[in-house]
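Here's the letter readout for the chains.
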Amino acid sequence: MNWEALLAPYAQAVEELKVKLKGIRKQYEYESKHSPIEFITGRVKPVPSILEKAETRQIPLDRIEELQDIAGVRVVCPFVDDIYAIVKMIRSREDLLIIEEKDYVSHKKESGYRSYHIIIEYPVETIHGVKMVLAEIQIRTLAMNFWATNEHSLNYKYKGKIPEDIQSRLQRAAEAAFKLDEEMSIIKNEVQEAKRIFHRK
């Protein structure tokens, strides 16, 4: 299998989506408004990870394009309500098609994981015409991202079987991270209210 040729449209989708999302962030800056985007990252899943996931999901190699997260873009936000502002913005776009949404912010995973996932179909212009590729956009706060990055590393270290004592600590850390997000959201509302009062005067 020519992996380079197969993955090229996914790499293109990631780069284009990153440029477009960074453009949104810039627009907020130009208008001196609060930006719901802190930073954006993206990646194409490495071949060993693709093969591992295909085997787990029992997807044959000739149907590898059924995997939804070969192309992945992550949008990291300052506050929880920024996540839903980004979701609303993505829903309104005409340059992609939403296939599925998973709200792990309101409905966290058992591990404590929180994030908002949107599976999209994105058109990539290739030398052979337009190719529709599946991509996953993850939207989360800085605190959620900090937790998820560490949990991912631990999962990798323990090959998906994290010891129970570490698991329970991770769950407590996830709750602490979400509590931090809630407290910061309250402060954000206070700041915005103070600004409104100031401007009314």
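This text follows the structure it describes.
Procedures and definitions
Residues numbered from 1 in each chain as written. Predicted model: local features only at pLDDT ≥ 70, side-chain atom pairs only at ≥ 80, totals over all residues. Heavy atoms only, no water. Helix = DSSP H or I, 4+ residues; strand = E, 2+ residues; numbered from the N terminus. Buried < 20%, exposed > 50% of the residue type's maximum accessible area, 1.4 Å probe, protein only. Contact = heavy atoms within 4.5 Å. Areas by Shrake-Rupley, 256 points an atom, 1.4 Å probe, with all protein chains shown as cover. Polar contact = N/O pair within 3.5 Å; in protein donor to acceptor, adjacent residues only side chain to side chain. 1 Å grid on protein atoms, 1.4 Å probe; cavity = no way out; pocket = protein on both sides within 12 Å on 5 of 7 lines; lining within 4 Å. Points joined across faces, edges and corners; volume = space filled by probe spheres on them. Nonpolar A, V, L, I, M, F, W, Y, C, P; charged D, E, K, R; others polar. Pairing = 2+ DSSP bridges. Axes fitted to C-alpha atoms, helices over the stretch in contact; angles between N-to-C directions. Core = buried A, V, L, I, M, F, W, Y, C linked by side-chain atoms within 4.5 Å. Phe/Tyr/Trp six-rings, centres within 6.5 Å; stacked < 30°, edge-to-face > 60°.

Student: So what about the overall build of the protein? Which residues, and what values?
Tutor: Across its full length, the protein carries five helices and five strands. Reading the protein from its N terminus to its C terminus gives the helix and strand order α-β-α-β-α-β-β-β-α-α. Considering only C-alpha atoms, the protein reaches an extent of 65 × 50 × 20 Å along its principal axes. Within the protein, the proportion of its 201 residues that are buried is 37%. Excluding contacts between residues fewer than 6 apart, the proportion of contacts in the protein whose partners are at least 24 apart in sequence is 64%. Per element, the accessible surface of the protein, about 12500 Å² overall, is 54% carbon and sulfur.

Student: Tell me what's going on with the side chain of histidine 117, and back it up with residues and numbers.
Tutor: Following the sequence through the fold, histidine 117 ends up in strand E4 (residues 116-126). For histidine 117, a relative accessible area of 7% translates into the label buried. A distance of 2.7 Å separates a polar atom in the side chain of histidine 117 from a polar atom in the side chain of tyrosine 113. In terms of polar contacts, histidine 117 uses its side chain to reach the side chain of glutamate 136, at 3.2 Å. Setting aside its immediate chain neighbours within four residues, histidine 117 contacts Glu100, Glu101, Lys102, Tyr104, Glu136, Ile137 and Gln138.

Student: Please give an account of the layout of surface pockets that cites residues and values.
Tutor: Taken as a whole, the largest pocket holds about 1500 Å³ of empty space. Considering the residues around the largest pocket, the lining is formed by 36 residues, among which Arg43, Lys45, Lys53, Asp69 and His152 are closest to the centre. Sorting the residues of the lining of the largest pocket by element identifies strand E1 (39-44), helix H2 (47-56), strand E2 (71-77), E4, strand E5 (129-141) and helix H4 (142-157) as the ones contributing at least two each. Grouping the constituent residues of the lining of the largest pocket by class yields nine nonpolar, 13 polar and 14 charged.

Student: Please give an account of the sheet that holds strand E3 (residues 97-103) that cites residues and values.
Tutor: Spatial ordering of the open sheet is given by E1-E2-E5-E4-E3, a layout of five strands whose pairing is mixed. Bordering the open sheet on either side are E1 and E3, each of which pairs with just one other strand. This sheet shows a mean twist of 25° between the axes of neighbouring strands, independent of strand direction. Contacting E2, E3, E4 and E5, helix H3 (residues 80-91) crosses the sheet at an angle of about 165° to E5. Against the sheet, H4 touches E1, E2 and E5, its axis set at about 100° to E5.

Student: Explain the environment of glutamate 110 to me, using residue names and the numbers behind them.
Tutor: Relative to the elements of secondary structure, glutamate 110 occurs in the loop between E3 and E4. Between the C-alpha atoms of glutamate 110 and glutamine 171, which are 61 residues apart in sequence, the distance is 8.4 Å.

Student: Just give me the short version of the nonpolar core, but keep the residues and values in it.
Tutor: Val75, Ile83, Ile86, Ile118, Ile120 and Ile139 are the most contacted members of the largest nonpolar core, which totals 40 residues. Mapped by element, the contributors of at least two residues to this core are helix H1 (3-30), H2, E2, H3, E4 and E5. The element that contributes the greatest number of residues to this core is H1, accounting for nine residues. Beyond its immediate sequence surroundings of up to four residues, isoleucine 120 is in contact with Leu17, Leu96, Leu97, Ile98, Ile99, Val133, Leu134, Ala135 and Ile137. With seven residues, the next largest nonpolar core counts Tyr104, Tyr113, Ala148 and Ile162 among its residues.

Student: Give me the lowdown on the packing of aromatic side chains, citing residues and values where you can.
Tutor: Taken as a whole and assessed by the stated rule, the structure comprises two aromatic pairs. Consider the rings of tyrosine 84 and tyrosine 116, whose centres lie 5.8 Å apart with planes at 85°: the pair is edge-to-face. With tyrosine 84 in helix H3 and tyrosine 116 in strand E4, this residue pair connects regions lying 32 residues apart in the sequence. Taking the centre distance of 6.0 Å and the plane angle of 65° together, the rings of tyrosine 104 and tyrosine 113 count as edge-to-face. Relative accessible area serves as the criterion here: at 8%, tyrosine 113 is assigned to the buried category.

Student: Which residues make up the environment of serine 106, and what values go with them?
Tutor: Positionally, serine 106 belongs in the loop between E3 and E4. Once the C-alpha coordinates of serine 106 and tyrosine 122 are considered, the two residues, 16 residues apart in sequence, prove to be 26 Å apart. Looking at serine 106, its side chain comes within polar contact range of the side chain of tyrosine 84, at 2.9 Å.

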